[in-house]
Amino acid sequence: MSAINLIFRRDGQTPGRKRRIQWTPYLFLVVPLAIYFVWIVGPTFYTFYLSLTDWDGISQMRFIGLANYERLFQDRDFHMSFANNVRWLVVFITVPTTIGLGLALIFNTDIRGAQWFKISFYAPLILSFVVIGMIWAWIYEPRNGLINSLLYGIGVERPPGWLADRQLALYAIIAAAVWRQVGYVMILYLAGLKNLDPSLIEAGRVDGATGWTLFRHIIFPLLGPVTVVIVVISIIDSLRAFDLVSVMTRGGPAGASNVLANFMYIEAFNNYKMGYGAAIAVMLFMLSLVIIIPYLYRTIKTEMEY
Amino acid sequence: MTIRRIALLLTVASLLIGGALLAQDDVIRYASNASDEGARELDEARVAAFEAANPDRIVEHSVTDHEAFKQAIRAFLVADPAPDVLTWFAGNRMNFFVDRGLAADLTPLYEREGWYDVYAPGFIELATVDGAQYFVPTDYYWWALYFRPSVMEQAGVQPPETWDELLAACDALRAQDIIPITIGTRAPWTAAAWFDFLNMRINGPEFHRSLMLLEESYTDERVVAVFDYWRQLYEHDCFLENSAAYEWQDALDFMNRGEAAMYLMGGFITDSVPDEIEDDYDFVQFPIIDPDVPIGIDAPTDGFFMAANASNPEGGMDLLAWFGSREAQELAAEMLGRLPTRTDVDLSGFTEAQQKGIALVQSADYVLQFYDRDTTPEMAEAGLNAFAEFIADPMNADVQAILESLEADRVRIAAEQAAEE
């Protein structure tokens, strides 16, 4: 036995020391872990519990079972917010990713002023959501805003009301969010393109691949890991959507642009329905889980393989 | 700017430290929502006057943003120690805390200060729950149909006194390319004012009050009638288009620029009007629809109360006694044009607008607060959403469906209230 051990033993490792647990890393982890449990894990479970009560923030909590969820599933505002979150998700995965990739491919070549363009596309990212929301609310202003002034200028008689229009409000907000996100996606893809192995692309060229074929079969597959990161970031950002909605429309008109996070905020802190707000939070959590679990599963599986 | 901020921070910090060093009894903790510029000046002047008159006392004065205060107050009240004195709103919002035992009984204060004789009875009534007083109503403002005489003149219209005159005014103003009535409904409480007044003018203030107390049904045909009248205004193109894109102040800009003629708004509207055109603002009471119906008006009342677990109840009572005094109310009227709730305040120095506002409120048969102060917070939220849905597409909105959904909310909220009691 010991002979086998000696054979398979790595350098500097003695059989006796192998079983000893290294306590130092855990000691260092105690503080962050404690904070993590107190501030993240604890409140998460507490929210689950809260969603089963009718707490108003002041009075004695009353356990009411699944009544909040029963009401939630019949609540038209919930259906609208949920659907809007899904719409946001779909647009957010596709549009900024495509535009950002396109921009990255353009600016990866040596065109004049590429640096300047890159900076201008990236610039919105340094603005906070509240600032972006206010700027775009002005742009969309129906009578004197930038867009409608242009439309009036070219002779459109009744331009849309944008944020005041129930069909357009949500997409108008998403457009503002996309404007911010595109620069982010572009930077990530640019970094990805810089790291591509030039020899692979050269090999493709030698084999006669050009233009679309080169992109479709060589560059895009090589960018795969970057794309996965971008999609995950987009999913997380779209589920977090709150600031822009809160600033630009407060979910209006009549709930047409509401999303779950804003709906939860209004119920919990405006209507003082902590229990109901918690139930909405749980649903948002579930929605995130359904989307994130496959990704986590994949990541963990690949990590195991290393 | 930054230096001023630092100076302010240092002042606040030294006040806090100073306050902590002194004996607990001498410190009165006062939480205020007076974050707007004018209101804050008044607030600070009131506190300074109290401290000048009571050199041995220190008021720990903290100001929270007006909207944020509505949420923060819940944390304040259950904190230990809670602030001694807090600003708040009369009506349902106050009663909510009284019902939960978070407000101190101020009956001894009313007796000590002899307020039963000097406060208008309607306001004492507003402060009373089950025969005891919990609130010091100090000032109020009125809601009215504001207009710009110069803009109305361009279209040759008089301020409307009846429903037909209002509709005719809309037509005449539109003919001159003027927006008849401006409104910003991004936060839809401005629309609730229209619901309040239409309901009071058509069905009477008593019915409106019962509806606010969740005692009448939202599917009642009388409520349906309110929306029929409301729709008439849209048929006559009375309102600013795409109102949901504007905050109430944004919509006021159209009026300040002379592009719009009228606005249904509270007395605080003039705080946002540039001084040089303030003389060109006037108001009338909401037009009469049915002359046989008693006249109701919204006149929201603000004031103060003391937390039930205040650490310094004697100090709190003394500060409240000052806030509710004649001198303090005169100060508020002078600085901000707020109307006093006491009957012994000298009105001779008041501006014409204030005198007119007082007459408006006193001539009304019923004085209510406002939609979101008269009904429960949750019902108010549901109602505001319903109004927003109606005005998003007033011509095609399914009023029946909107009201049925509101009625379902009312039944549920009323049942929950009953369960709590």
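Residues numbered from 1 in each chain as written. Chains lettered and ligands numbered in written order. Predicted model: local features only at pLDDT ≥ 70, side-chain atom pairs only at ≥ 80, totals over all residues.

**Digging into the sheet that holds strand S10 (residues 282–284) of chain B**
Residue and element names in this part refer to chain B. Read from one edge of the open sheet, four strands run S8-S9-S7-S10, paired in mixed fashion. Of all strands in the sheet, those with a lone pairing partner are strand S8 (179–181) and S10, marking the two edges. Averaged over all neighbouring strand pairs, the angle between strand axes comes to 30 degrees, with direction disregarded. As paired elements, strand S7 (residues 143–147) and S10 share three bridges and run antiparallel to each other. Residue Tyr146 lies in a different strand from S10, and its bridge partner there is Phe283. (Pairing = 2+ DSSP bridges. Helix = DSSP H or I, 4+ residues; strand = E, 2+ residues; numbered from the N terminus. Axes fitted to C-alpha atoms, helices over the stretch in contact; angles between N-to-C directions.)

**Notes on the nonpolar core**
In this structure, Leu163, Ile173 and Ile280 of chain A together with Phe305, Met306 and Leu320 of chain B are the most contacted members of the largest nonpolar core, which totals 164 residues. No other element matches the ten residues that helix H18 (residues 377–392) of chain B contributes to this core. Setting aside its immediate chain neighbours within four residues, Phe305 of chain B contacts Leu86, Trp88, Met94, Ala103, Tyr134, Phe135 and Val136 of chain B. By size, the runner-up hydrophobic cluster in this structure holds 14 residues, among which are Phe121, Leu188, Tyr189 and Leu190 of chain A. (Core = buried A, V, L, I, M, F, W, Y, C linked by C-beta atoms within 7 Å. Buried ≥ 20, exposed ≤ 12 C-beta atoms within 10 Å, placed from the backbone. Contact = placed C-beta atoms within 7 Å.)

**Comments concerning the environment of Val151 of chain B**
Residue and element names in this part refer to chain B. Looking at where Val151 falls in the secondary structure, it is placed in helix H8 (residues 149–154). Residue class for Val151 comes out buried when judged on the 22 C-beta atoms lying within 10 Å of it. Remark: the alpha-carbon pair of Val151 and Arg257, spanning 106 residues in sequence, is separated by 9.9 Å. Sequence-distant contacts of Val151, that is, excluding residues within four places in its chain, are made with Ile178, Gly258 and Ala261.

**Comments concerning the domain arrangement of chain B**
Residue and element names in this part refer to chain B. Here chain B is described as being made up of domain 1 (17–139 + 301–363) and domain 2 (143–298 + 376–420). Put simply, the middle of domain 1 and the middle of domain 2, counted by C-alpha atoms, are 30 Å apart. Listed per partner, the contact involves five residues of domain 1 and six residues of domain 2. In terms of residues, the side of domain 1 that touches domain 2 owes the most to one element, helix H16 (residues 352–363), which gives three residues. Of the residues assigned to the side of domain 1 that touches domain 2, the class counts are two nonpolar, three polar and no charged. (Domains from an automatic or database assignment. Nonpolar A, V, L, I, M, F, W, Y, C, P; charged D, E, K, R; others polar.)

**Some thoughts on the confidence of the model for chain A**
Scored by pLDDT, chain A comes out at a mean of 87, with 92% of its residues at no less than 70. Averaged over each element, pLDDT in chain A is lowest for helix H1 (residues 2–8) of chain A (46) and highest for helix H6 (residues 129–140) of chain A (94). (pLDDT = per-residue confidence, 0-100.)

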